[in-house]
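# Observations on the model geometry
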Amino acid sequence: MTSSAQLTTCMQCGHAPMVQLHSFAAFMERLRTVADSRRGMQAYLEANPDAAFEAFVACGNCRVIRIHPTPTGAVLGRFYTHYSGNVGYANKSASKTRRATKRIAMLTKQTGAVAGARFLDVGCNLGFAVEAARLGGFSATGIEIGTQAVEQAKTLFPENRFIATTAEEFAQTGERFDVVYCAEVIEHVPDVRAFAQALAQLVAPGGTLFLTTPDAGHWRRNRNFLAWLEVKPPEHVNWQTRQSLAMLFMALGFERPRFRFNLKPGIKMLVKRAA
């Protein structure tokens, strides 16, 4: 075992020590045998040793799993410069907007939002959920760290507001929203606590946060963690559980979360900020 990994304090709940689940070497060995989309990670990590890490570690208290140590923001930023996640997204605009529309209708019903309510999508990608929110009667804004994605979103959906910024930076503007939407973002974030604090600042008192992420505690998750398709650092650097998210956001002034049923190993969390 890696001694430094054993001594690491959980960045989310402060519990210590975390324990090692798997080594980086074991992960790289696993990548040599896969035939899925993660195969490219092996070549990337071999060519970029500063994106490597020592181990996957787990907190015995909140059950979060993360890589240790987490690569720096600069290293992750370089990875996303070459990230192919947006390729082909624009060609799927209609289907993605339809899917987002169903989710926005659910949020409208669950939150009791009225016409003109303020909606923010954190990590909006090309803006499909933002457009669905606008069509659903919200005053909609999307933020995304990728400037290229923001420019594409502005072209696709010019009636919305899109800003190239981070959640942490945008939280400092003082803007607050009735519904904050954050889908498949937190697993990419190196400093989860700082990110969650920014989300808390962005949600207006009495407002609601909707967050989705892979579920490391799901009963259908592959029991061999390294075989799970969502294990693909440096694209994903942490894996949450219902317990870890509940502890994190309740400590930041939110009420107890509600988790929507999901047959797939993914979390769908609705959590209201105290008024």
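A few points on the structure.

About the thresholds
Residues numbered from 1 in each chain as written. Predicted model: local features only at pLDDT ≥ 70, side-chain atom pairs only at ≥ 80, totals over all residues. Heavy atoms only, no water. Buried < 20%, exposed > 50% of the residue type's maximum accessible area, 1.4 Å probe, protein only. Helix = DSSP H or I, 4+ residues; strand = E, 2+ residues; numbered from the N terminus. Contact = heavy atoms within 4.5 Å. Patch = residues over 30% accessible without salt bridge, like charges linked within 9 Å, V, L, I, M, F, W, Y side chains within 5 Å. Areas by Shrake-Rupley, 256 points an atom, 1.4 Å probe, with all protein chains shown as cover. Salt bridge = Lys/Arg side-chain N within 4 Å of Asp/Glu carboxyl O. Pairing = 2+ DSSP bridges. Right-handed = clockwise from strand over helix to strand, strands pointing away.

## Some points on helix α9 (residues 192-202)
Of all the residues in α9, the buried ones are Val192, Phe195, Ala196, Ala198, Leu199, Ala200 and Leu202. In this structure, the buried residues of α9 make contact with β4 (118-122), α8 (167-171), β7 (177-183), β8 (203-214), β9 (238-239) and α10 (242-250).

## Re a nonpolar patch on the surface
A contiguous nonpolar surface patch, about 430 Å² in accessible area, is contributed by Trp219, Phe261 and Leu263. With respect to the helices and strands, the residue Leu263 is situated in the loop between β10 (258-259) and β11 (266-272).

## With respect to the pattern of salt bridges
Applying the stated criterion across every chain yields a total of 10 salt bridges. The shortest N-O distance in the salt bridge between Arg118 and Asp178 comes to 3.0 Å. Of this pair, Arg118 sits in strand β4 while Asp178 is found in strand β7, placing the two residues 60 residues apart along the sequence. Overall, the relative accessible area of 36% leaves Arg118 in the partly exposed class. Overall, Asp178 belongs to the partly exposed group, its relative accessible area being 25%. Linked through salt bridges whose partners overlap, the residues forming this network are Glu29, Arg32 and Glu46.

## Looking at the environment of Met18
Its place among the elements puts Met18 in the loop between α1 (3-6) and β1 (19-23). The exposure class of Met18 is buried, given its relative accessible area of 1%. The spacing of Met18 and Glu159 is 141 residues in sequence and 47 Å in space, taken between C-alpha atoms.

## A few points about the pairing of β7
Most of β7 is tucked away, with five of its seven residues classed as buried. Pairing between β4 and β7: three bridges, direction parallel. Bridge pairing in β7 links Leu120 to Val180. Note that β7 and β8 share six bridges and pair parallel. In the sheet register, Tyr181 faces β8, and the bridge partner there is Phe210. The handedness of the β7 to β8 crossover, carried by α9, is right-handed.

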